[in-house]
Amino acid sequence: MNGPYRDGVLGSTLASTLRTLRRPRYAALSVLMVVVALVCVAAGTWQIVRLGDKVAANDDLRVNSRSDAVAVVQLLPLTGAHASVSETRVRFRTVTATGTFEPDRESYVRNRNVNDRGGWLVLTPLRSARADLLVVRGFVASTSSGARPPVAAAPTGQVTVRARVQLAEKRNDGALHLSHGEVESINPSNQQSRLARPVYDGYAELLARQPGTFGLTPIPGPDLANPAGGAIEPQHFAYIVQWYLFALLALAAPLAMARAERRELAASGLDGAPAVDMDPERARAARLADRYGRSLR
């Protein structure tokens, strides 16, 4: 096909397609698809923001896990204080604390899993001059009967420990409705009301071989591949591509449908003449007339 002829055919096809798009039903469809495309673009842009936030959060938490230990008083505010706790500032930081364990105030956080085994976290307050730090000394797995086994006692006397900070859990710990010292969550506000002393706003997991871990399963370190949790970074990138692709498909849909209709009409032209400019309803009538041997009036 030579250039001028081909350009003429393409121009005629484009013109007829655009005429089809001006028809009311295609105009309405085009408006709807533009709205759909805008929604998809907004969703893709939101995913770009989420990806940026996830990358920043993961980077901050990885840095926290490698940072030098600091005294807990320098990192965590007290529960009820106006200072807010930033996840990316404190989570996974290593802190040191000196005090005395309070075994008579020990709690057992139920429905937890460590190394694919269900059981309890052993939560023991560490009393210092300023406040109590809620310390997870380790984990005990349930027995075959589902019971909690005996828990090794915390050491007596003053100790200095190193532990990994976690954010306070906001869900009510349910201690009033549970027995045998069990709780549903590690909520410093709830603990403070029972301890009747200031409590740090957060809790800490003892590192391995620290005083208080004897006889308990150590709490594993965080997964630094995706420490912030949730969708991994490549997933967010895939969502971005997906939403922008949906936007392009939405914009292309009316054009593709119009071209398909024009081709169908052209293929059913009357007396061998192309019907690219024929009204769709007249073209359908023409096909029916041709099928039943009647002439189009």
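Refer to the structure presented above.
The following refers to the structure shown. (Residues numbered from 1 in each chain as written. Predicted model: local features only at pLDDT ≥ 70, side-chain atom pairs only at ≥ 80, totals over all residues. Heavy atoms only, no water.)

1. Comments concerning unusual backbone geometry
Stage number 1. One non-glycine residue, D116, adopts positive backbone phi at about 65°.
Stage number 2. With respect to the helices and strands, the residue D116 is situated in the loop between β3 (107-114) and β4 (117-127).
Stage number 3. Even without being a glycine, A196 presents a positive backbone phi close to 60°.
Stage number 4. Here A196 lies in the loop between α4 (188-195) and β8 (199-206).
Stage number 5. Judged by its relative accessible area of 66%, A196 falls in the exposed class. (Helix = DSSP H or I, 4+ residues; strand = E, 2+ residues; numbered from the N terminus. Buried < 20%, exposed > 50% of the residue type's maximum accessible area, 1.4 Å probe, protein only.)

2. Observations concerning the pairing of β4
Stage number 1. Across the 11 residues that make up β4, a large majority, 8, are buried.
Stage number 2. Here 2 bridges tie strand β2 (residues 94-101) to β4, and the two strands are oriented antiparallel to one another. Bridge pairing in β4 links F101 to L126.
Stage number 3. Where β3 lies against β4, 6 bridges are found, and the strand directions are antiparallel. What sits directly across from Y108, in β4, is V122. (Pairing = 2+ DSSP bridges.)

3. Considerations on the packing of aromatic side chains
Stage number 1. Summed over all chains, the structure comprises 1 aromatic pair.
Stage number 2. Ring geometry for W243 versus F246: centroids 5.8 Å apart, planes at 90°, classification edge-to-face. Placement of both W243 and F246 in helix α5 (residues 233-267) is noted, with a separation of 3 residues, approximately one turn of the helix.
Stage number 3. Classification of F246 as partly exposed rests on a relative accessible area of 38%.
Stage number 4. Across the ring face of Y108, the terminal group of R148 is positioned such that the distance to the ring centre comes to 3.9 Å.
Stage number 5. When the ring centre of W120 is taken as origin, the NZ or CZ atom of R148, which lies over that ring, is 5.9 Å away. (Phe/Tyr/Trp six-rings, centres within 6.5 Å; stacked < 30°, edge-to-face > 60°. Lys NZ or Arg CZ within 6 Å of the ring centre and 35° of its normal.)

4. Looking at the nonpolar core
Stage number 1. Formed by 20 residues in total, the largest nonpolar core has its most connected members in V72, L76, F101, L126, L133 and V161.
Stage number 2. Broken down by element, this core gets its largest block of residues, 4 residues, from strand β6 (residues 158-166).
Stage number 3. The residues contacting V161, other than those within four sequence positions of it, are V95, T96, A97, F101, L126, L206, Q210 and P211.
Stage number 4. Residues V136, A141, I186 and V199 belong to the second largest nonpolar core, which totals 15 residues. (Core = buried A, V, L, I, M, F, W, Y, C linked by side-chain atoms within 4.5 Å. Contact = heavy atoms within 4.5 Å.)

5. Some details on the pattern of salt bridges
Pairing between side chains of opposite charge can happen when their charged atoms approach one another.
Stage number 1. Inspection of every chain in the model, using the stated rule, returns 13 salt bridges.
Stage number 2. Linking E102 and R127 is a salt bridge whose minimum nitrogen-to-oxygen distance equals 3.0 Å. In this pair, E102 is assigned in the loop between β2 and β3 and R127 in strand β4, connecting sequence segments 25 residues apart.
Stage number 3. A salt bridge links E184 to R171; its shortest N-O distance comes to 3.9 Å. Highlighted residues: E184 in the loop between β7 (182-183) and α4 and R171 in the loop between β6 and β7, separated in sequence by 13 residues.
Stage number 4. E184 gets classed as buried once you look at its relative accessible area, which sits at 18%.
Stage number 5. Several salt bridges converge on common partners, so that one network encompasses R110, R148, R171, E182 and E184. (Salt bridge = Lys/Arg side-chain N within 4 Å of Asp/Glu carboxyl O.)

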